[in-house]
Each structure stands twice: as structure tokens, then as C-alpha cells.
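# Architecture and fold: a report
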Amino acid sequence: MELVSMERKKFSTFITFWRLIRIFGSSYKLVLIIVLTAILAGMEIIISYSLKKLLDSVLHLDYITYRGLILLLIGITILQMVGRFFRTRLAGDYAESGIARLRNILVEYLIHLPIGELEKRHSGDLISRMTNDLNQIREFSTQTMISIIYQPLIALGAFAFLLTLNWKLTLITSFGVPIIFKTSSKLSNPIARYTKELQEKLALVNKEAQDAINGMEIVRAYGLKQVLIKKYNQAVDLSIRSGIKVVKWRAILLAISLFTNFSPFLICFGFGGYWVIKGQMTAGGLIAFITLLNPLTFPISQLPTLLGELKGQMAAAGRVFEILDIEKEREVGKIYTIQKEKPVIVFKDVKFSYPDGKKVLDGVSFEIWPGEKVALVGFSGSGKSTIFKLILGFYEDFIGEIELFGHSIKDWNLKALRENISLVSQETYLFPGTIEDNISFGNEKADYEAIVAAAKAANAHDFITELKDGYMTDVGEFGDKLSGGQKQRISIARALLKRAPLLLLDEATSFLDSQSEYKVREALNNIMNAGITSFIISHRLSTIQKSDRILVLHRGRIVETGSHSELLEKNGIYKTLYLHQIIRGLELEEKEVVM
Ligand SMILES: Nc1ncnc2c1ncn2[C@@H]1O[C@H](COP(=O)(O)OP(=O)(O)O)[C@@H](O)[C@H]1O
Ligand SMILES: [Mg+2]
């Protein structure tokens, strides 16, 4: 069992390595780096060999050879300097452009992931993979990768030279190499394991920090600072513990590397010295041999640390690749033209549970026809926003049938489908940038006049022009320089500018003051009278009364439909909702209401 998992790990380090190289691309640069590295390694060997010759010439008082060798050494050193400069530059270039490429691929990929997959993961974890883990990859491509090529080449070259010098002593001295190789490969496994653990813990730290920043107002208002600091400290503690484990194993490997570096000398002196005493070898020969031994033993002594680093960095790369291994959102599907005589939305006995198993919809059926204004009401958590997510194709693993503009959603090309839908969601998200930018996301081709017209219809024009920079006002991160009502009106303007035939609006009323509420209501009236089909999740009497039909969602089903007055007469769920949340403009949970 242990053997199988070890094999798998080795395999996956290699696979990850290979995958990384393929993503980095520009293989000609890599080849050039390898060639340059090989030349540099060759020079290193030549230097060691010349040192041996130099020693010979001094011992033989051979001035001509001595002078030639000194000049050669100076020349090679200069060449080495130039070579190293170019290799380092090239490697840096290769690494940086490779990392940039990987980063682009990742962002491009994230955009194409199914919403369901993103909802499953914490954004802090994803960001940690794109920062902390990517940094490990950078370390690999700027340092480890070069050493992994350079060190074995030098060792091989030195080994070849030593063989020509004294094959018997060479074989005896390198007797331990395979053992060192095997042990260091084994010893490097914990480093990989704990590096991976450390990266996971760092992701946790990121998550906690992000929650703290996003929830700062709540944290302050509810005096949660201590709770938060405690959680954060716990995450940091865990990361420190993993970090210490990595350091401990590095220290062990360093100690071992001293031994592996030194033991060949010991062996060499042991046997060589004995042979010199017995007259089977000259003292000069032994000294020359020992001079050339260093290029062989040094790379080997570095091996455990190097392998440990490589495996750790590949584990981090593996965490990055985990993102790339998530299946992308479906991109195939038909692009239909919209037909006026077909229903806009049809749900036939739709059942849906989130991946964690909770059943939200349990046989929902309804139809909405072109030009209709339909309101969707229900307690908080009853699944209203989920119905919107299904209409937008965010989740496709539902049971039953959903048709949009007369075609099954499973046949639609999702991108084309979404072009026909405008969404104003419950969390009005504004992107960092100007108000104008944020409205024009609805339709990138729209000109300034169209943007102003949309803002006017959304009742946003007046407050925008009152701001110092008007439409050029920077809304700040999350749009937090604007009030909830203002943000919602900008989102409505964005949706209006898109001019899609279907509008989905998830009303968030709780944070609107009465002034904003009035303005938003007017904006909604404008939309509902514009002839497009609107499907609005609402808790607001004014919106509900303006709609042609109300759907009441309760315990996974549409339990009542009709107009406001028809539903009140029924004395059912709608009446309860009306009495408890519609009059007060609140969204309440079922358990908060006595029925
Ligand atoms: N991404 C998700 N993963 C798991 N459960 C979810 C997710 N989103 C919503 N839920 C759960 O599904 C139920 C319906 O949520 P939602 O559609 O947002 O309700 P509503 O909009 O009516 O308040 C709730 O119990 C909620 O906790
Ligand atoms: Mg909701």
C-alpha cells in the first residue's frame, strides 16, 4: 500500500513538472538555458582540470605551461561571468513570462468555471493558490530548475574526468552515490508533504483575513474583533507549525548533506593515502584527484535539499493545477433567435438540490409569457434566488425541464442565452471604476447619451450629476462609496442599458431608506412599463401590485398564483407573507413567522 502511494507521488511530481514546462511554453528559451547551463558546467570541469594541470606544472617547474594555464583560467572565468549573466537573464525572462502566462490561463479559466464550482470554494483559497502557490512556482523556475539541470551535469562531467584519472579510486569513492541518491529521494518526501501542508495552511490564513476585511463593518458593530483575531491567530499558528516542520526537515537534510559532502573525501584519503604509502600512487596524483572530487561531491550533497525543494514546489504547482482540473462551464449549445409567440420561461416539475445535498426545489412548475410582469414571493431561504440561478444556467444538474424562449436550457448556448437576460441581483456588485464604466458593462457599445438615458430611467441620473465627478466618479472597491439604494439604481441602469428581452430582478430592500425606496420604485415602474418581460423577486407591495401575476414559492413548490387581491382572498401562504413581510418590506424566514 505504502509502495503504491510512494510510486504515485513520484509519478505526480514528474507529471506536474512536465505540465508546468508545457504551460510555460517558449521551449526554445528552455533549450537555450539548458545548452548554456551545460556549457557553464563544462567550464567548471575545465577549471578543476586546469587546476590539476597547474599543480603539475608548478611541481615540474614548467613555466610555459604554467603561464598558458593561468591565461586560460582568466579567460574561462571571464567567459563564465558572461555566460552566467546571460543564463540568469534568460532564466528570469523565461520564468517571468511563464508565470505571467500561467496567471493569464488561470484568470481566463476562473471566468469559465461553473458558478456552482466557485460557490463551493472560498475566494480566499483560490486567491492563495494564485499568489502563495504561484510564488513557489516562481521559485522553482528561477532557482530550482537551473540547479536541477546544472548540478547533475557537473557531477557527470567530474565523474568522467575522475574515471580517466584513476578509475579504481573513482569507483570506490562513488560507491556510496546510489545509496545517497535513494536515501535523499526518500528523505525529501516529508519536505514535499509539509510544504503542501504549509501552502494549505497559508490558504486558510488568507481566507480568515479576507473574511475579516469583507465583514469589517459587522465585526466592528458586533464587537467581534476578539473572535476574529482568535480565528486568525489559530490559522497563523497552524501555518507556523507546518512551516517549522518544513524547516526541521530542511535542517536534517542540510546536516546529511554535510556528511555526504565529506564522506567521499574521507574514502578517497583512506584508500588513496594507503596507496601512496604503499607506493602504488603518487602524492601529486592524489592531490589532483581530490581537487576534481569537489565538483562531484558538491552536487551530490545538494541533492537531498534540491529534491525536497523540487517536490515541495511541485506540490504547490499541483494545487494550482487543481483549479485547471475543474471542468469548465459548458460552451457548446445552439444559438437561437428569440420568437415572440413562445413562452419566455417554462419550469416543468423542476427539482433541485445544492451539491451539499440540501433539497431546495421540489417540483416547481410555472410559465411566463412575453411582456408579462411576474412577481416571485416567498420566505427567505425558500429558493427564489435559486430559481434565478437555474434560469441563468449556473447549475445544470436539476431534474425536470426548464425552457427559455421556447428551447430547453440544456440545448441553449449559455453565453447566447445570457445575452437575452438582464440581471439585477440581490447583492448589487459594482466593479472598481467609474459609474459610467459600471453602467456600460450592460452594453459595451453604448454611447454616452444611451448611458445617461439608462441612468435617467433608473432614477440615478440626478444623484450622479450631484456628485463632484458626476459619471466619472470612482465607486471604490465593492462600490462602497455609494449607498445601497444608489448602487441598486446603478445596477438597474446597467440592466436597462443591456435591453435584453428578459429582466430578472432580485430585490434587496432591507438597506433602502424611504427616499431611495421611492426612487427605486419609480425606476422599477419604468422598467415594467417598457414592454420587456420581467420576473421580479419582491417583498414590496408597490412592485407586487404592479405585476400581472404573483407566484408564491413555499417549501420547494409554487403553491399559489394569481393577482394580489385574488391571493389575499385565498387566505393561504400569500396572506401570511403579506401580513408579515410584504407590508413591512422585509424578507423573513419561515420560522420567524407564526402561521
Ligand atoms: N451555493 C449554495 N450552496 C448550498 N446551499 C445554498 C447555496 N445557495 C443557497 N443555498 C441554500 O438554498 C436555500 C435557498 O436559497 P435561496 O435560493 O438563496 O433562497 P431565497 O433567495 O429564497 O432567500 C437556502 O436554504 C440556502 O441556504
Ligand atoms: Mg434570495
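Residues numbered from 1 in each chain as written. Chains lettered and ligands numbered in written order. Predicted model: local features only at pLDDT ≥ 70, side-chain atom pairs only at ≥ 80, totals over all residues. Heavy atoms only, no water.

The chain is annotated in an unreviewed UniProt entry as ABC transporter ATP-binding protein from Anoxybacter fermentans.

What the six strands build is an open sheet, ordered β6-β7-β8-β3-β9-β10; its pairing is mixed. Edge positions in the sheet fall to β6 (421-424) and β10 (557-562), since each has one partner strand and no second. Ignoring which end each strand starts from, the neighbouring axes of this sheet average 20 degrees apart. Of the strand pairs in this sheet, strand β3 (residues 373-377) and strand β9 (residues 549-554) are connected by four bridges, and their pairing is parallel. If you follow Leu376 over to β9, its bridge partner there is Leu551. (Pairing = 2+ DSSP bridges. Helix = DSSP H or I, 4+ residues; strand = E, 2+ residues; numbered from the N terminus. Axes fitted to C-alpha atoms, helices over the stretch in contact; angles between N-to-C directions.)

Here we take up the packing of helix α5 (residues 123-165) against helix α7 (residues 177-214). It is at 8 Å that the axes of α5 and α7 come closest, and there the two elements cross at 135 degrees. Considering the angle they form, α5 stands oblique to α7. The handedness of the crossing between α5 and α7 comes out as right-handed. Contacts between α5 and α7 involve Ser123, Gly124, Asp125, Ile127, Ser128, Thr131, Asn132, Asp133 and Gln136 from the former and Thr195, Gln199, Leu202, Ala203, Asn206, Lys207 and Gln210 from the latter. Of the residues contributing to the contact of α5 with α7, the split by class is three nonpolar, 10 polar and three charged. (Parallel < 35°, antiparallel > 145°, perpendicular 65-115°, else oblique. Left-handed = near helix turned anticlockwise from the far one by under 90°. Contact = heavy atoms within 4.5 Å. Nonpolar A, V, L, I, M, F, W, Y, C, P; charged D, E, K, R; others polar.)

Taken together, 16 residues lie near ligand 1, and Glu119, Gly381, Lys384, Ser385 and Thr386 sit nearest. Lys358 has a polar side-chain atom sitting 3.0 Å from an oxygen atom of ligand 1. For ligand 1, an oxygen atom lies 3.2 Å from a polar atom in the backbone of Ser382. With the chains in place, 73% of the 560 Å² that ligand 1 exposes on its own is no longer accessible. The element that contributes the greatest number of residues to the shell around ligand 1 is helix α11 (residues 384-391), accounting for four residues. Tallied by class, the residues present in the shell around ligand 1 amount to four nonpolar, six polar and six charged. (Near = heavy atom within 4 Å. Polar contact = N/O pair within 3.5 Å; in protein donor to acceptor, adjacent residues only side chain to side chain. Areas by Shrake-Rupley, 256 points an atom, 1.4 Å probe, with all protein chains shown as cover.)

Each regular strand carries side chains that alternate between the two faces of the sheet. Looking at chain direction, β9 and β10 are connected through five bridges and run antiparallel. Paired with Ile550 across the bridge in β10 is Gly562. Between β9 and β10, which pair antiparallel one after the other, the connecting turn spans two residues, and Arg555 there sits at a positive phi close to 50 degrees.

Moving on, we get to unusual backbone geometry. We note that Ser26 has phi near 30 degrees; this positive angle belongs to a residue other than glycine. Of the residues examined, Ser26 reaches a relative accessible area of 23% and is grouped as partly exposed. A positive phi angle, close to 60 degrees, is found at Asn459, a residue other than glycine. The topology assignment puts Asn459 in the loop between α14 (448-457) and α15 (461-466). On the basis of relative accessible area, Asn459 is assigned to the buried category, the value being 15%. (Buried < 20%, exposed > 50% of the residue type's maximum accessible area, 1.4 Å probe, protein only.)

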